[in-house]
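Per-entry structural report
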Amino acid sequence: MTDPVLRTLAGESLYVHEEEKLIYGYTTRNFPPTLLKRLLPGVPILFLKQVHSDRIITPGEWRPGVEADGMLLRGEGAAALIQTADCLPLFFFDDERSCGGVLHVGWRGLRQGIEERLAERLGGELRRFRFHLGPGIERDCYEVGEDVREQFAKKPYGRDIFTPTRPGKHLLDLKAGLTRSLQELGAAPERIRDSGLCTFCSRGLFPSYRRDGGTGRRIFNFLMLRGAASAT
């Protein structure tokens with residue numbers, strides 16, 4: 001598996017990994033969502049109303065405005081899409097490219113265990129899946145309060161992902177927490193890849209809510225399984 005690479009579509013930039021049975025990636029700062037239809041012609045692109053929950057749905061459960069923070073595909077002819085602006089997109093797919101999807105993981109989703117819900121829906125077979133952590137805010141740019149640290153006190157990795165900075169404040173390593181949890185659930189360490197892209201640091205490339213405030217700009221993170229039902 002190779003990481004998504006930077007490409008241009010109609011003059012706009014996006015990162016794409018593409019193969020016979022799979023396509024996934026993420027857009028850059030000013031990419032309009034309508035352009036995704038040119039990348040995935042004739043394919044329903046399923047947006048979610050994200051609410052920082054642990055809910056994961058399938059295309060069969062989808063409807064306009066449905067509240068969820070993850071989409072699980074099992075060969076359906078649809079593209080799963082989530083939006084981020086500092087939170088982590090987690091892409092996943094099995095070796096046969098017959099099952100996959102994408103999750104929206106912020107600190108609230110991690111605290112609620114959205115990755116645990118994923119493991120349940122996959123029947124605990126995480127070892128046969130590959131995972132890719134897309135662009136998100138890195139530890140050195142993500143200061144949170146004591147209230148957030150306290151909410152992770154019962155997590156096995158809770159002490160390890162916070163670094164004190166000043167009274168009542170800590171740096172949160174969201175990627176480390178998600179990676180540790182995936183491994184504890186059975187994911188093979190060598191099958192978890194990190195894009196290494198920090199949204200906060202990448203001014204001009206990715207939007208960042210923490211850096212820019214409520215501009216409304218988002219990264220569009222998409223994944224589609226390709227096959228007879230979804231050939232384009």
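Values in this document were obtained by computation on a predicted structure and should not be read as measured data. (Residues numbered from 1 in each chain as written. Predicted model: local features only at pLDDT ≥ 70, side-chain atom pairs only at ≥ 80, totals over all residues. Heavy atoms only, no water.)

**Notes on the overall build of the protein**
Along the backbone of the protein there are 6 helices and 14 strands. Expected size for 232 residues packed as a compact globule is a radius of gyration near 17 Å; at 17 Å, the protein falls within 12% of this value. Split into buried and exposed, the 232 residues of the protein put 51% on the buried side. Positive and negative charge centroids in the protein, built from 34 and 30 side chains respectively, lie 4 Å apart. (Helix = DSSP H or I, 4+ residues; strand = E, 2+ residues; numbered from the N terminus. Rg over C-alpha atoms; globule rule 2.2 N^0.38 Å. Buried < 20%, exposed > 50% of the residue type's maximum accessible area, 1.4 Å probe, protein only. Lys, Arg positive; Asp, Glu negative; His and termini not counted. Charge placed at Lys NZ, Arg CZ, Asp CG, Glu CD.)

**As for the sheet that holds strand E13 (residues 192-194)**
An order of E5-E8-E7-E9-E13 is seen for the 5 strands of this open sheet, with the pairing classed as mixed. This sheet does not close on itself; its edge strands, each paired only once, are strand E5 (70-73) and E13. Averaged over all neighbouring strand pairs, the angle between strand axes comes to 15°, with direction disregarded. Pairing geometry for strand E7 (residues 88-94) and strand E9 (residues 129-133), over 5 bridges, is antiparallel. (Pairing = 2+ DSSP bridges. Axes fitted to C-alpha atoms, helices over the stretch in contact; angles between N-to-C directions.)

**Thoughts on the sheet that holds strand E2 (residues 12-19)**
The 6 strands lie next to each other as E1-E2-E3-E14-E6-E4, forming an open sheet whose pairing is mixed. Each having just a single partner strand, strand E1 (5-9) and strand E4 (45-46) make up the two edges of the open sheet. Looking at chain direction, E4 and strand E6 (residues 79-84) are connected through 2 bridges and run parallel. The partner of Leu46 across the bridge, within E6, is Ala80.

**Things to note about the pattern of salt bridges**
Taken as a whole and assessed by the stated rule, the structure comprises 21 salt bridges. Salt-bridge contacts for Arg180 lead to Glu184; the nearest nitrogen and oxygen are separated by 3.7 Å. With Arg180 and Glu184 both in helix H5 (residues 174-184), this residue pair falls 4 residues apart, about one helical turn. Among the ionic contacts, a cluster of salt bridges with common partners joins Asp54, Glu116, Arg117, Glu120 and Lys155. (Salt bridge = Lys/Arg side-chain N within 4 Å of Asp/Glu carboxyl O.)

**Details of the packing of aromatic side chains**
Each pair of aromatic rings is reported with the distance of its centres and the angle of its planes. Here the structure, examined in full by the defined rule, presents 8 aromatic pairs. Seen from their ring centres, Phe92 and Phe129 are 6.4 Å apart, and the 55° between their planes marks the pair as tilted. Taken together, the residues span a long stretch of sequence, with Phe92 in strand E7 and Phe129 in strand E9 at a distance of 37 residues. Residue Phe129 is classed as buried on the basis of its relative accessible area of 0%. (Phe/Tyr/Trp six-rings, centres within 6.5 Å; stacked < 30°, edge-to-face > 60°.)

**Topic: unusual backbone geometry**
Even without being glycine, His52 reaches a positive phi, approximately 55°. By relative accessible area, which is 31% here, His52 ends up partly exposed. Phi at Arg97 is positive, roughly 60°, even though this residue is not glycine. In this fold, Arg97 is placed in the loop between E7 and strand E8 (100-105).

**Section: the state of the cysteines**
The tally for this structure, following the rule as stated, stands at 0 disulfides. This cysteine, Cys141, is not joined by any disulfide, and Cys201 carries the nearest cysteine sulfur, 3.4 Å off. Residue classification places Cys141 among the buried positions, given a relative accessible area of 19%. (Disulfide = S-S within 2.5 Å.)

**Comments concerning the layout of surface pockets**
Of the pockets and cavities examined, the largest pocket occupies roughly 540 Å³. For the largest pocket, the lining is made up of 20 residues, of which His52, Asp86, Cys87, Arg108 and Tyr209 are closest to its centre. Contributions of two or more residues to the lining of the largest pocket are made by E6, helix H2 (107-112), strand E10 (143-145) and helix H6 (209-212). Residue composition of the lining of the largest pocket, by class: 9 nonpolar, 7 polar and 4 charged. (1 Å grid on protein atoms, 1.4 Å probe; cavity = no way out; pocket = protein on both sides within 12 Å on 5 of 7 lines; lining within 4 Å. Points joined across faces, edges and corners; volume = space filled by probe spheres on them. Nonpolar A, V, L, I, M, F, W, Y, C, P; charged D, E, K, R; others polar.)

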